[in-house]
Amino acid sequence: MKKKILCLVLALAMLLSLAACGGNNNPPADQPQDTPTDTPDDTDTPVEPAADGELVPYTYDEDEVYDAALGEFYETYMKAFETNNTSERYALMALAEGKMLGAGVMIPLTTRGGQYVLRKVAPRSGSTIMWGSDADRFHDIIVTNEMVTVEDWEAMKSLWNELRGTGTYHDEVQKYLTEHGYTIGDTYDYAYTSDPATWDALGTQKQADTRAIIQTCDNLLEYNCENDLMPSLAESWEANEDNTEFTFHIRQGVNWVDSQGREIAPVQADDWVAGYQHMVDVNKASALTLNLVKGAQDYADGTLTDFSQVGVEAVDQYTLKYTLNESCTYFPTMLTYATVASPLCRTYYESHGGKFGADFDDSAADYTYGKDTNNIAYCGPYLVTSHTEKSMIVFQANPAWWNAENLQTKTLNWRFNDGTDATKAYQDFKAGTVTNVTLNAAVIEAAKADGLYEGYNTIVDTDSTSFVGFINLNRVAFANDNDPTKLVSPQTEEQRARTHVAINNTNFRLALCLAVDHAGRNAQGVGEELKLVSLRNSYTPGNFMYLLEDVTVDVNGTPTTFAAGTAYGAVMQAQLDADGIPVKVWDEATGSSDGFDGWFNPSASKEYLDKAVEELAEYNCDISAENPIYVDLPYQQNDENYTNMANAFKQAVEATTEGRIIVNLVGGDQDDWYKAGYDMDKGTQSNYDIYDLSGWGPDYGDPSTYLDTMLPDGAGYMAKCIGLY
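Position labels on residues start from 1 in each chain and follow its written sequence. With the structure being a predicted model, the display of local features is reserved for residues of pLDDT at least 70 and the display and counting of side-chain atom pairs for 80 or more, all residues being used for whole-chain, interface and lining totals. As a convention, hydrogens and water are excluded, and side-chain values are obtained from all of the structure's heavy atoms.

A word on helix α7 (residues 270-283). The helix count covers DSSP runs of H or I at least four residues long, the strand count covers runs of E at least two residues long, and both are numbered beginning at the N terminus. One fewer than the residue count of a helix, multiplied by 1.5 Å, yields its expected span. Between its first and last C-alpha atoms α7 spans 20 Å; for 14 residues at 1.5 Å apiece the expected length is 20 Å, and the two agree. Each residue gets one of three labels from its accessible area relative to the maximum for its type: buried under 20%, exposed over 50%, partly exposed in between, using a 1.4 Å probe on protein chains only. α7 sits mainly inside the fold: 12 of its 14 residues count as buried. Among all positions of α7, only Asp 271, Trp 272, Val 273, Ala 274, Gly 275, Tyr 276, Gln 277, His 278, Met 279, Val 280, Asp 281 and Asn 283 are buried.

Quick look at the packing of aromatic side chains now. A pair of aromatic rings is counted whenever rings of Phe, Tyr or Trp (Trp by its six-membered ring) have centres within 6.5 Å, and the orientation is called stacked for planes under 30 degrees apart, edge-to-face for over 60 and tilted otherwise. Evaluation of the coordinates by the stated rule reveals 32 aromatic pairs. Ring centres 5.4 Å apart and planes at 65 degrees place the aromatic pair Tyr 192 and Phe 416 in the edge-to-face group. In this pair, Tyr 192 sits in strand β6 (residues 187-192) while Phe 416 sits in strand β17 (residues 411-416), placing the two residues 224 residues apart along the sequence. Relative accessible area serves as the criterion here: at 3%, Tyr 192 is assigned to the buried category.

Working definition: the strands of a sheet are paired by backbone hydrogen bonds and lie parallel or antiparallel to each other. Paired strands, in this sense, are two strands between which DSSP finds at least two bridges. Taken together, 4 strands build an open sheet; the order of strands is β6-β17-β16-β15 and the sheet is mixed. Each edge of the open sheet carries a strand with a single partner, namely β6 and β15 (382-388). Here the strands of the sheet are splayed against their neighbours by 15 degrees on average, with no regard to which way each runs. With 5 bridges joining them, strand β16 (residues 392-397) and β17 adopt antiparallel strand pairing. Considered in β17, the bridge of Ile 393 is made with Trp 414. Whenever a helix is involved, its axis is fitted only over the stretch in contact; in every case the axis is a line through C-alpha atoms, and angles between N-to-C directions fall within 0 to 180 degrees.

When a protein is soluble and globular, its nonpolar side chains tend to lie buried together. Definition of nonpolar core: a set of buried residues of the types Ala, Val, Leu, Ile, Met, Phe, Trp, Tyr and Cys, connected through side-chain atoms within 4.5 Å. Ranked by internal contacts, the top residues of the largest apolar core, which has 101 residues, are Leu 70, Phe 73 and Met 710. Only heavy atoms enter the contact rule, under which two residues are in contact if any of them lie within 4.5 Å. If sequence neighbours within four positions are ignored, Phe 73 has contacts with Tyr 66, Ala 96, Lys 99, Met 100, Leu 707 and Met 710. Listed in part, the 92 residues of the second largest apolar core include Ala 269, Leu 288, Val 340 and Phe 356.

Reading across from one edge, β9-β10-β14-β13 is the order of the 4 strands in this open sheet, with antiparallel pairing throughout. Bordering the open sheet on either side are β9 (234-239) and β13 (312-316), each of which pairs with just one other strand. With strand direction ignored, the average angle separating the axes of adjacent strands in the sheet is 25 degrees. One ladder, built from 5 bridges, connects strand β10 (residues 245-250) with strand β14 (residues 319-323); its direction is antiparallel. The residue of β14 that forms the bridge with Thr 247 is Lys 321. Helix-sheet contacts for α7 involve β10, β13 and β14, and the interaxial angle to β13 is about 165 degrees.

Quick look at the structure:
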């Protein structure tokens, strides 16, 4: 599975990196080995009603809960892997997502971007690819000493469109800047919201970690600013005829160095063998490519102990070969994800207590690898010269980097911003201590008064990251797992039991999903003018893939033909329409799933809730304004924007449902909010009924990069967000 879980803080961070997050093409890397329990009946509550008037408890068995809610999704999704036709696979995946959205287990909310921003950078001077880690790299970004005007920003974007694919944009945009009176800087000042929990690129599952780590470590390949896949630590590569073997020729003369810049060892093919083994040792079932690379799943399961039988081989010192279980033309695109394909200096790792296989133990007293910036080996563009938690991280140019002569940005100063002061980022921008600033609702008027709005307020492009409100189907935690005094639920035992029964009814969940005024909520963070721009109405962006040829698939048993060129979102919409789910996830006119509120539907919400009330009465779960269902929404109470967004959420749901659903706002600081779900590893630790902090950005260019995350049995990394596995 993809190992990157994104945080909504990144979407509304006060300061904005131009590096984007994106998507990527590949068949399912983590299809589970065993089929889950049978597809459920139409009812969500397969428990016989009690006769004594007491509440009928709903099962807490994870498989039963999953099957009742997502059995149809899983069944449809698995059909996608029975075909070798790419377009048919895309269509079946879109139908599966329609089933998932129609199950009401998540509330699509927003994507990243779509906000006003002031900047001192050239547009698209770094990669904006939709998948992998490269959009978070800083080394190519062109920084200016002056604010870029809207006119020049748009002109440079047009230049990018004109020159894309020629390899000349980076040079030409610098010419444009100097010809139009700008001077080029070499320092990028960036605001970050969360310190890395580890500096081990292969031992994390969070973008908050990898965004920092990838500045210190290169991959085999990298997307350039024109989004072309280029050699990095591999000088070249080739595949065999059926795309089951990929051979990479490692760049010679490159060395690992320590945090002081002292040489450690040469970068060589074995570094990727060691890296892959370490990745599986750390991540087991959540590691991307496990089911794709020969023997990797067996090694993760423990049925194969000899790693030399896994399909990652150092043919010689500078030749690396991957052997796959099946043909995969786009396998190289997966290798741009840092936590999949980063190299690991074996000797350095072992000298810091690292072991492999059954001997791996990152809790051992002598295990120091990745614990801080002085305990990693570097082969990327920067060395970390200073790191003070919740204060500052300083990255300086690595003289030993293989492409040091072309390093654009020499210094990265990352300054911590906890978000408690909604105006801090803007004040820092005015003071010159950050390079870009997002204009949130709290500072737009100040920017206008300061003359920094008209002519400078460009809009950030939206990207492939999808933030959703996850609904916890199997809640067992009612306080934070790390500290039972934090974010304590105000629900009584009776209310908790009633909520569990109600939330496992599809009609109840859909009533909740359709009761949220997305635009009103988003306006609290980005302002009234832009409230629609960053709204997303699906999990996988509707324009993520298009059918390559005409295909015919069954939609609820009816053969339906979709023409070549049909967008993924259009097929997804067809499934929702066939199921009678009154939501809009695709707009044909704009060719997008973004920029409109396709979910807020008060009349439909009321109809679904009326149905739920009738169904749940049979289980002695009576619902009325006098006896409502309570759901807990944790939020960061010391952040004005998030407080306002949480209140907007609460007000809309309670007004739409006429008080039959009450939203408890459970506040804490940023750490508390993270620990309620984002930082947790298991569904049983999820301390909420609804959680709007997390999201997902793709690793590769196939819809499975999103949908795999909702697989059962622990294979789907985001299934924990709905309280499972």
